[in-house]
Structure formats: structure tokens, C-alpha cells
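Secondary and tertiary structure notes
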Amino acid sequence: MNKPQSWEARADEFSMYGFTDLPSVHERGAVIVTHGEGPYVHDVNGKRYLDANSGLWNMVAGFDHKGLAEAAKAQYDRFPGYHAFFGRMSDQTVMLSEKLVEVSPFPRGKVFYTNSGSEANDTMVKMLWFLHGSEGNPKRRKILTRWNAYHGVTAVSASMTGKPYNEVFGLPLDGFIHLTCPHYWRFGEEGESEDQFTQRLARELEETIQREGADTIAGFFAEPVMGAGGVIPPSRGYFQAVQPVLKKYGIPLISDEVICGFGRTGNTWGCETFGFVPDAIISSKNLTAGLFPMGAVILGPELADRLQAAVEKIEEFPHGFTASGHPVGCAIALKAIDVVMNEGLAENVRQLAPRMEAGLQAIMDRSEHIGELRGIGFMWALEAVKDKATKTPFDGSLSVSERIANTCTDLGLICRPLGQSIVLCPPFILTKEQMDEMFDKLEQALNKVFAEVA
Ligand SMILES: *Cc1c(COP(=O)(O)O)cnc(C)c1O
């Protein structure tokens, strides 16, 4: 119970919580954070937590990076705000677009800015609807995604998200089609090899396209590694199997790199890690290392040209947000890209990823109730199961992953419950010692909770 007038009580009274397990908050109170250093945050009661979730995947340079704050301050002093409508935009916006195309997998391209990842996906869908319409294919409007995908929360991006919780909003909207999640451990059938599973998913894609009619499909969106779906890397060869099917039917492949982009998988892009070149990239989260709300659509050459032709016809692209290409956001993003790529952060992910995997693997091997470890780079999930051999989950009413996460919180470690799994996606600045602290606290919490529920 919250003490009257406490921060926790004030939060409860006046603020609505998004994506929050209310029984946990009612019982424990919210954690009200005030500041941080490196990968740690502090709450109003003076308690320190190792934030193994990088805030919400995005604070990859930690919570007090001096260079990033200075870049923000310098731009606030120089020119604190502007828009990108009516043929005007800030110099920072021009520079960031150049940079994004330079570091993209594309030889050339074009960038459009939003305030979030959801809006970037929404924008991409509108771009596809607009260009197909302009090219005489107004029926090409359906969007293909996968179950367990997370693409955001606006009406369109929530429709792309493949999570049952969207039913409370009466979503998805018509014309958003969800294909099988490429999670072999969970969805592979009895006796089916991983390669056969991948081939089955490629066949499902082709059958879906033929059933719906290729001339009704606008695009296919996929995260290289599903993030908020529970850190699910694709089954082996997945993108190599689906991309030719999409190409055959002229369906653009959009890589939602909101989490994977800028270093999370060990390379600049997740598509690089998984060996494919998409038609466009969606970026946000790491783009500003969490210091500014910003998203970007990065179009590869073909889509950029086709969209440009569509825009030339009507002499305008009637879309944009007031703060699209905000100069402070762009200045921060320019600095963040430099910090991640040139100050050893991406390198640290590459160096320490095998250590992270080995440490989590050892925890799994010592536990009766971790069924799967999955991930890559600095994004991992441990899946709790009642029975390892049969992969039987714990009864949902036990809220096992919430209990593990809450116990971690008590121990000073922030991690995230997702379904029956625990997600760890620490900031890229994590040291070996901090990684060991994460392992120790996590294992203590797992042992405690499994002893209670098993
Ligand atoms: C977080 C996320 C989004 C949505 O971004 P917001 O900024 O929260 O709107 C979209 N796609 C992926 C892959 C994400 O992880």
C-alpha cells in the first residue's frame, strides 16, 4: 500500500500507466525514478537499479552520457526548434538524412521523420497506399505481418502488431494479415526440422498471397528479431526464404529496425545480421539513444524513386508531423549515431555478446525451469516453463514472469516480463562486472520464484 502523499500514491492518483501489470503496481507501488548514471537508475527512495532493459530498449548509451546531453544543449542554444513543412527544414535535418542514408544498407535513398516508431510504421503504410494508388493499383492495400510482431500502438501500427491484447480496441483493422511467428522452438511441429519449419512459413506466405491476391497486398513488415514479442530471432534461413516470394509478387519488404537498428544485434542493422537487404527501414528508439522522441522511415532507392514519382504527379506529399525532423532531435541523433558507432558501444556489444550468451546459458543449465534461451547481441530472453521436456508453460494465474521481474526489482535489477519469458537488453555500455551483477541478481530471483511456484 502506498503512503498518502508519497510519490507512488501521487503517481496512482493522477497518472495512467501504459503496458503495466496493475496488480503488481497496486501491491508494490510504481518505481518513480529521478536520475541515473551509466546503466543504473535511482528511485525517489534512494534505491539504485541496474536497468537491464536500457529504459525501453533505447537508452543504449546509459542515463548520463555527457556528449549526448551537450549536443542537445548546444542545439537548444543554437536553434531550439523548427518544422519540416512548406519547403523549409533545419540544417540538422539535412545532415541527419545524409547520415542515415550513408549508414543504411542502401546505395542511395530518402528519409522521412516522425516522433515515434509507431508513427514511422504508420507513415510507411501511408506511403505504400499512396504509391500503389498512384501507380494504378489502388487495391494494393493489405499489410502482411506476423503473430507476436510489435510495430507500435497507433490504430494502423497496432493493427500490424500481432498481439491478442489489441482485441480490446476492436483491432486489427480490416486488411491486416498476420502470418505464423517464426519461432521454431515454440511453433515447430512434432518431427519438423528447423529448415522444414522455415520452408513451411515461406509456403504459408505464398499461399496467403495467392489466396488474397497479390494485387491486393501493399507490403510485408518484419522485425529482424522480434523484440516486444519476446526476443524471437527468426528461424534459420527465414528471410532468405520469404524475400524471394515477396519479390516474385512485387511486395516490398520493410524491415522494422526500431529495436535492432544501431547496434542491438551487434551490427548497425538487424537486416545486416540476418543477411538481407529490405526495401525500406523503420528506425526509432536507439536513433536518439533515447534522448528525444524521434522515428524515421529510410527508403531504399526503388521505393524512394517510386514515391518521388507519385509525389511529383500531385506536386506534394500530404503528410508530416509538426515536430518531424526537429533540429534538436536531429542533432542528438547525429551525435548518438557517432557515439554508438565510433565510441566503442557497438563494439562492446560485439565483444560481450558471447559472454552474455554464455552466462545466461549457464543459468539456464542450472535451472529446472528455463526452457529456452534465445537472442543475439545484447537482446536475450529466458523462457520459463513448468516442464523443460514437454515445454509446458506455468499456469498463467501464477504470473511467473511478473514475479521474477518484481523479485529482480527488489534486488535492484530491472528486467522485463514478456509472456512467460524474461527479457534482458542492457545498455551498450555495460561492463563485464555489471553483466555479472545482472547474472547474479537474475539467478537469485529465478531460484526464489521457482522455489515458490514449482
Ligand atoms: C517500440 C517499437 C515500435 C513503436 O515505437 P514507439 O516509439 O513506441 O511508437 C515499433 N516497432 C518496434 C519493432 C518497436 O520495438
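Residues numbered from 1 in each chain as written. Predicted model: local features only at pLDDT ≥ 70, side-chain atom pairs only at ≥ 80, totals over all residues. Heavy atoms only, no water.

Going by the annotation in an unreviewed UniProt entry, the name recorded for the chain is Aminotransferase class III-fold pyridoxal phosphate-dependent enzyme, with Paracoccus alkanivorans given as the source organism. Under the UniProt heading Cofactor (unreviewed entry), the entry covering the chain gives this text: "pyridoxal 5'-phosphate". Regarding the chain, the relevant UniProt record gives this comment under Sequence similarities (unreviewed entry): "Belongs to the class-III pyridoxal-phosphate-dependent aminotransferase family." (UniProt positions renumbered as here; feature names shortened; annotations may be inferred.)

Below, the discussion takes up the environment of leucine 411. Assignment of secondary structure puts leucine 411 in helix α15 (residues 400-411). Looking at leucine 411, the relative accessible area reads 28%, which means it is partly exposed. Considering only alpha carbons, one finds leucine 411 and lysine 441, 30 residues apart in sequence, at a separation of 6.4 Å. (Helix = DSSP H or I, 4+ residues; strand = E, 2+ residues; numbered from the N terminus. Buried < 20%, exposed > 50% of the residue type's maximum accessible area, 1.4 Å probe, protein only.)

Next up on the list: the packing of helix α9 (residues 194-212) against helix α10 (residues 238-248). Packing of α9 against α10 leaves a shortest axis separation of 9 Å and a crossing angle of 20 degrees. Comparing their axes, α10 and α9 come out roughly parallel. Crossing of α9 over α10 shows right-handed handedness. Contacts from Thr198, Gln199, Leu201, Ala202, Leu205, Glu206 and Ile209 of α9 reach α10 at Tyr238, Ala241, Val242, Val245, Leu246 and Lys248. Class assignment of the residues belonging to the contact of α9 with α10 gives a composition of 9 nonpolar, 2 polar and 2 charged. (Axes fitted to C-alpha atoms, helices over the stretch in contact; angles between N-to-C directions. Parallel < 35°, antiparallel > 145°, perpendicular 65-115°, else oblique. Left-handed = near helix turned anticlockwise from the far one by under 90°. Contact = heavy atoms within 4.5 Å. Nonpolar A, V, L, I, M, F, W, Y, C, P; charged D, E, K, R; others polar.)

All right, on to the nonpolar core then. General note: in soluble globular proteins, nonpolar side chains tend to be found buried as a group. Counting residues in hydrophobic clusters, the biggest one holds 97 residues, and the most contacted among them are Leu100, Phe220, Leu360 and Leu442. Split by domain, this core shows at least three residues from each of two domains, domain 1 (31-64 + 344-453) and domain 2 (69-342). Those residues in contact with leucine 442 that lie beyond four places of it in its chain are Leu360, Ile363, Leu382, Cys408, Leu413, Ile422 and Leu424. In this structure, Ile143, Phe221, Ile254 and Ala310 belong to the second largest nonpolar core, which totals 26 residues. (Core = buried A, V, L, I, M, F, W, Y, C linked by side-chain atoms within 4.5 Å. Domains from an automatic or database assignment.)

This part takes up the site of the ligand. Taken together, Ser116, Gly117, Ser118, Asn121, Tyr150, His151, Gly152, Glu223, Asp256, Val258, Ile259 and Lys285 make up the full set of residues adjacent to the ligand. Within the backbone of glycine 117, one N or O atom sits 2.9 Å away from an oxygen atom of the ligand. Within the contact set of the ligand, a nitrogen atom lies 3.3 Å away from a backbone nitrogen or oxygen of tyrosine 150. Within the complex, the protein chains bury 85% of what would otherwise be the 380 Å² of accessible surface of the ligand. Per-element accounting of the shell around the ligand gives the leading share, 3 residues, to helix α6 (residues 117-134). Split into classes, the residues belonging to the shell around the ligand amount to 3 nonpolar, 6 polar and 3 charged. (Near = heavy atom within 4 Å. Polar contact = N/O pair within 3.5 Å; in protein donor to acceptor, adjacent residues only side chain to side chain. Areas by Shrake-Rupley, 256 points an atom, 1.4 Å probe, with all protein chains shown as cover.)

Looking now at the side chain of aspartate 51. Relative to the elements of secondary structure, aspartate 51 occurs in strand β3 (residues 48-51). A polar contact is formed between the side chain of aspartate 51 and the backbone nitrogen of glycine 55, at a distance of 3.2 Å. Beyond its immediate stretch of four places on either side in the chain, aspartate 51 contacts Pro39, Phe63, Ile414, Pro426 and Pro427.

Pairing is antiparallel in the open sheet, where 4 strands are placed in the order β11-β12-β15-β14. Each edge of the open sheet is held by one strand with a lone partner, namely β11 (370-376) and β14 (416-418). Neighbour-to-neighbour, the strand axes of this sheet turn through a mean angle of 25 degrees, independent of strand direction. Here 6 bridges tie β11 to strand β12 (residues 379-384), and the two strands are oriented antiparallel to one another. In the sheet register, leucine 373 faces β12, and the bridge partner there is leucine 382. Packing against the sheet, helix α14 (residues 345-366) makes contact with β11, β12 and β15 (421-424), and its axis sits at approximately 175 degrees to β11. (Pairing = 2+ DSSP bridges.)

On to a nonpolar patch on the surface, then. A contiguous nonpolar surface patch, about 320 Å² in accessible area, is contributed by Phe19, Val153 and Tyr165. Assignment of secondary structure puts valine 153 in the loop between β5 (142-146) and α7 (155-160). (Patch = residues over 30% accessible without salt bridge, like charges linked within 9 Å, V, L, I, M, F, W, Y side chains within 5 Å. Salt bridge = Lys/Arg side-chain N within 4 Å of Asp/Glu carboxyl O.)

Time to look at the layout of surface pockets. In this structure, the second largest pocket encloses a volume near 800 Å³. What lines the second largest pocket is a set of 27 residues, and nearest its centre among them are Ala84, Met89, Val111, Phe112 and Phe317. For the lining of the second largest pocket, the elements supplying multiple residues, two or more each, are α5 (91-103), β4 (110-114) and α12 (301-314). Looking at the lining of the second largest pocket residue by residue, the classes come out as 16 nonpolar, 8 polar and 3 charged. (1 Å grid on protein atoms, 1.4 Å probe; cavity = no way out; pocket = protein on both sides within 12 Å on 5 of 7 lines; lining within 4 Å. Points joined across faces, edges and corners; volume = space filled by probe spheres on them.)

Let us look at unusual backbone geometry. Going from leucine 171 to proline 172, the amide bond is cis rather than trans, its omega being 5 degrees. Within the secondary structure layout, proline 172 lies in the loop between α7 and β6 (176-179). For alanine 289, which is not a glycine, the phi torsion comes out positive at approximately 50 degrees. Among the secondary structure elements, alanine 289 is positioned in the loop between β9 (280-283) and β10 (295-299). By relative accessible area, alanine 289 is classed as buried at 1%.

What follows concerns the pairing of β15. Across the two faces of β15 the burial is the same, with Ser421 and Val423 and Ile422 and Leu424 all buried. Judged from the 4 bridges that link them, β12 and β15 form a sheet pairing that is antiparallel. Paired with leucine 382 across the strands is isoleucine 422, a residue of β15. Looking at chain direction, β14 and β15 are connected through 3 bridges and run antiparallel.

Time to look at the packing of aromatic side chains. All told, the structure shown has 11 aromatic pairs when counted by the stated rule. Between phenylalanine 79 and tyrosine 82, the ring centres sit 5.5 Å apart and the planes meet at 35 degrees, which makes this aromatic pair tilted. Classification of tyrosine 82 by relative accessible area gives partly exposed; the value is 31%. Note on phenylalanine 262 and tryptophan 269: the rings are 4.8 Å apart at their centroids and 55 degrees apart in plane angle, and the pair reads as tilted. (Phe/Tyr/Trp six-rings, centres within 6.5 Å; stacked < 30°, edge-to-face > 60°.)

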